[in-house]
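# Structural characterization, general
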Amino acid sequence: MSEIPKAYEPQSVESKWYQFWLGHQCFVADAHSKKPAYSIVIPPPNVTGVLTLGHVLNNTIQDILARRARMLGCETLWLPGMDHAGIATERQVEKAVRTEEKKTKQDLGREEFIKRVWAWKEKHGGIIIQQLKKLGCSCDWSRERFTADPDYSRCVQKVFVELYKKGLIYRGKRMVNWCPASLTALSDEEVVMKAQSGLLHYFKVEVVEIVGQASRLSQTEKEKNENAGRQDACPTNNEIRATGIWLTIATTRPETIPGDTAVAVNPKDKRYAKLIGKHVMRPLPAELPREQKLIPIIGDEQIDIEFGTGVLKVTPAHDKADFEIGQRHKLPVIDIMNPDGTMNSLAGADLVGLDRFKARKVAAEKLKELGALEKEEPHQNNIGYSERADVPIEPRLSEQWFLKYPSVDKARACVEQSDEKGSAGAPPAAVGALADGPARAGAVDGASAAAPEAGALPDKMRFFPQRWAKVYDNWMNNIQDWCISRQLWWGHRIPVWYRKSEIRNPKSEIDTDDVWCENNPPPDPGNWEQDPDVLDTWFSSWLWPFATMGWTGDKSQDSKNPTLQTFYPTTDLVTAPDIIFFWVARMIMAGYEFMGQMPFQNVYFTGVIRDKLGRKMSKSLGNSPDPLDLIGNYGADALRFGIMRSAPLGQDVLYDEQHVELGRNFCNKLWNACRFRQLVGQASSLSPTDSKHASKDETGATPVPRYEVQGEINPALLTSDDKWILLKLDQAIREIDVAFAEYKFSEVTATLYRFFWSEYCDWYVEASKATLARPVESLKRGNVESTSGSTVERFNGSTNEADAIRANKLAVIDFVLSHTLRLFHPFLPFITEELWHGMGYDGDLPANQGGDTIMFAHWPKPLDDDFKAHYRLNESDERFVDAKYELVTRGRNLRREFNIAANKKVKFVLKVKDPLPPEEADVIKLLLNADALDVDPNFTPRKGTPSALTDLGELFLPLEGLVDIEAEKARLRKELAKIESEIEKVQSKLHNPDFVQKVPPKVLDEHKNRLADWQAKQQQIKAALRALGEKP
RNA sequence: GCGCGGUUAGCUCAGUGGUAGAGCACUUCCUUGACACGGAAGGGGUCAGAGGUUCGAACCCUCUAUCGCGCACCA
């Protein structure tokens, strides 16, 4: 007995069982299995990533789904892998090369640098995979994929070529989001808007007229400007005539003034309309001659008359909106910045070489110096930041590759938009399928109602929570072409080659004859040069659900691929909502485009993990605990349970370490509940046998000894408590199945918590101690005293029968615990596996159904009618036990009210209406911590004896010499007041004729019964008060 | 600006028209043979506010306040 640790110690248990599962190939999915298939692909973490609480939440959910699917009898694939994370990895390796070798990537050259990246990946990459194993994730590691693997690369290439040939991928010179830190273009989705407080600078410019000249700079002048820095004068001085009119312009970016090529006003703006066609003198660069500062005033409807001064400076090279204005008015484009965000020579002598932010200050100072600056006002605006590098992006004109999204209509149409009846929200049907047994397609997911036939797929994809469907729809309706090229080295290189030509710059104006875009490089590589850019990492991730399954794009080959045939489309996708556009939407489009089917049937969006103050977890805030520390301190199961319990569907999670602590306490409770079963089992002289797996424990931890599991439950020997707990178990299983069908994991944990802790431990186990926790001998003597004088003979006084009841109770406990462990397994994989074996519940089961591991034990089914009939489980037992426990609560309440210390034994008297079986009295006595419970239908209490009303009779707490009549009166008056207020409430309803007339009969009856109950109690309290001489 | 979500006990949250709930925290008592990572009892809520629908509203409708998120964006 002493070898069972008093508290659960997770560390050795976890490593032992994870090794066992791996060793027995428990996670490996068999594509040739006859079982219904269930599959999830992991959202591939970055190869540079380390485990965060967000990953813990996300992957615990996936593991729960996968483990439950296995228990339901599904062939389950949880496919893991990693993302090559272009920007993040390239930066990391560049940094390493710089510190270790004092070299830049250019020093190494492209080929050599890529070698370093692979070397880095082998050495440092994929830490997160090891961490996921610590969490208990049951991924099929034999199928682990990496988006940069050769097979995967072939998929990416194939897709690019196909889309290029369809005309959906094209190259063009566009305004893109340029990241000056990473030196690459980004997609719109990689830009996050951040509120910014800056300054609005107001500066004035003089309006001039040009006499006898073209009223604006011509295209040729533009080219001259760009190439030669505007050395050639255009109009001569005497052709520029000052008007004396000054315009004031408001800008947040004075440093871009040298790039201005027009000033725009709204033609409807009465203040300025007449000035359209005239020019202004641009103040910067200051050193230019007057005639080179001239820019036209143009009219454009887009200008907001209300904002600022109503005059907009137009900088086509450095602003998306300005670029469009420029296009409309054929304005020249003057790029005044270098790719890294410093100013180039076109910005003028004052700014050249400065960083853009420094340049902003200098430009403002220069305006002041020139007397052009009128005022500066604080200004709030939103600025796009590079998501990765966290610096403001720079709109920049450049040559990039774009994708016009494919299969948009199908992708948009497939997502269920609302909770229509019969499609979404069909838990009863799902539960029905579960009750019929696991070997049925669709039993796992809530959509089984929509897919009753094996192999038939639902025509709609469902989002959980549903509201994300609207966000998705909104994006799909406003979809923009995707900039897919990145100016990086690490990634899938664009499979396009340009014919070498001495005259032509390969990056501009492509002639199709000079472009090679095929699955293979050109046959005469010497004459071609490959595009230097790589593809956006998401351009590989969007193929994840099928590229990881060996997709080739060759229909006949793919139709013979068992993995693809069995596991695609996947069942569930679990992901954070912040990548709904990055990844989810794009995967759906790719699924339709390349597989002809949706890639997954259900998408579960997790909440975002925040700290106690509601802030997002972030490295810079340092508010993110290391999950590995938590696992070390509390155990993986504790972390999983704590997180899941605090993560309701659709809500963000406010993380608090207390949640994990609660998880640990819960595991400890489970551990001790099983320990109790072992201790009482041992007391009944059943001998321990060695654990099957004890020898496999290489950690030296003490294995839990095994005990004989009790056999069949005998219906004739069931006590009312036994029946009660079986009915509670049934109810819990049903609730859990419903909650799972709706992906409400926190409700599953709440039900498990309530059932196991409150119902099983607090009531059933405590009650069962009346039978179990004392020496067998004592059961022979009926020790409940009866005032009728005779000692109650229980169980016919037979030791054998007492032992039989006791053994039967152990069988009930084993039944309940073995179900409980299975229900807990998806949440608490390690401790349940340890206890499954320790308790011997693996004993008689076939190896593949729980004999080897709880992982493949059958998921518990609700108790069916036959079962209930056989064991005579019915509502009246449940009601009786509820009443019994209510009596106990009232008795304990009396103890407290009269300050009886919890450890003091007292005597209670129960004045029963109907006879109470002595074994029931025994349970009540134990739960009340009474040294005696007299059951006496004719009891006459001394005046002032504290009493409580219960459905089983009146309970008295006779206190020798301690009776405080006033205290008891006060207590009764308080209770009476409460009862009367309840009566008041119900009566006011029943007195309302409308209520009586219109309410459904069932509700009316309920109210009438409630009133009767309260009134009966009222009468009894009044009687008690009268007995104390009080006139109520 | 448009859209979405939240506002219920001190805290974190359940609760889709019929007696206001859980966990944690708090108060008091208890180391009784599973568990102090535990047990028992208790206090604590005009369900953000206002109107409406209804016999009846935390729940449905309208408006307001407030917090958060997404999209768009004005220099």
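Overview of the structure. (Residues numbered from 1 in each chain as written. Chains lettered and ligands numbered in written order. Predicted model: local features only at pLDDT ≥ 70, side-chain atom pairs only at ≥ 80, totals over all residues. Heavy atoms only, no water.)

## Focus: the overall build of chain A
Within chain A one finds 31 helices and 29 strands. The burial tally for chain A puts 54% of its 1032 residues in the buried class. Considering only contacts within chain A whose residues lie at least 6 apart along the sequence, 79% involve residues at least 24 apart. When the accessible surface of chain A is split by element, carbon and sulfur atoms take 49% of a total near 45,500 Å². (Helix = DSSP H or I, 4+ residues; strand = E, 2+ residues; numbered from the N terminus. Buried < 20%, exposed > 50% of the residue type's maximum accessible area, 1.4 Å probe, protein only. Contact = heavy atoms within 4.5 Å. Areas by Shrake-Rupley, 256 points an atom, 1.4 Å probe, with all protein chains shown as cover.)

## Brief notes about the sheet that holds strand 19 (residues 515-516)
Strand pairing within a sheet occurs via backbone hydrogen bonds; the two strands may be parallel or antiparallel. In spatial order, the strands read 19-18-20; together these three strands make up an open sheet with antiparallel pairing. Strand pairing shows two members of the sheet lacking a second neighbour, strand 19 and strand 20 (528-530), which therefore form its edges. Sheet analysis places strand 18 (residues 497-499) next to strand 20, joined by three bridges and oriented antiparallel. Bridged to Tyr498 within strand 20 is Glu529. (Pairing = 2+ DSSP bridges.)

## Overview of the pattern of salt bridges
In total, this model carries 51 salt bridges according to the counting rule given. Salt-bridge contacts for Asp390 lead to Lys194; the nearest nitrogen and oxygen are separated by 2.5 Å. Highlighted residues: Asp390 in the loop between strand 13 (373-386) and strand 14 (394-403) and Lys194 in strand 7 (residues 191-210), separated in sequence by 196 residues. Residue classification places Lys194 among the partly exposed positions, given a relative accessible area of 30%. As a salt-bridge pair, Asp536 and Arg486 come within 3.0 Å of each other at their nearest N and O atoms. Of the two residues, Asp536 is situated in the loop between strand 21 (534-535) and helix 14 (538-541) and Arg486 in strand 17 (residues 485-486); the sequence distance between them amounts to 50 residues. Look at Asp536 and you get buried, because its relative accessible area is 3%. (Salt bridge = Lys/Arg side-chain N within 4 Å of Asp/Glu carboxyl O.)

## Side note on the sheet that holds strand 29 (residues 953-956)
Judged by pairing direction, the sheet is mixed, and its four strands sit side by side in the order 27-26-29-28 without closing on themselves. Looking at the sheet topology across the chains shown, the edges are occupied by strand 27 (930-935) and strand 28 (947-950). Across the sheet, the mean angle separating the axes of adjacent strands is 20 degrees when strand polarity is ignored. In terms of strand pairing, strand 26 (residues 906-912) meets strand 29 through four bridges, oriented antiparallel. Looking at strand 29, one finds that Val909 is bridged to Phe956. Against the sheet, helix 27 (residues 875-897) engages strand 26, strand 28 and strand 29, with an angle of about 165 degrees to strand 28. (Axes fitted to C-alpha atoms, helices over the stretch in contact; angles between N-to-C directions.)

## A few points about the environment of Val211
Mapped onto the elements of the fold, Val211 is located in the loop between strand 7 and helix 8 (219-228). Measuring from C-alpha to C-alpha, the distance between Val211 and Asp866 comes to 103 Å, with 655 residues separating the pair along the chain. Discounting chain neighbours no more than four positions away, the residues touching Val211 are Glu239 and Arg241.

## As for the packing of aromatic side chains
Per the stated rule, a full pass over the model turns up 54 aromatic pairs. Geometrically, the ring pair formed by Phe160 and Phe539 is edge-to-face, given 6.3 Å between the ring centres and 70 degrees between the ring planes. Note that Phe160 is positioned in helix 7 (residues 150-165) and Phe539 in helix 14, a separation of 379 residues in sequence. You'll find Phe160 and Phe539 in the same group, each marked buried. When the ring of Trp475 is compared with that of Phe581, the centres are 5.0 Å apart and the planes differ by 15 degrees; the resulting orientation is stacked. With Trp475 in helix 13 (residues 468-477) and Phe581 in helix 18 (residues 580-595), this residue pair connects regions lying 106 residues apart in the sequence. (Phe/Tyr/Trp six-rings, centres within 6.5 Å; stacked < 30°, edge-to-face > 60°.)

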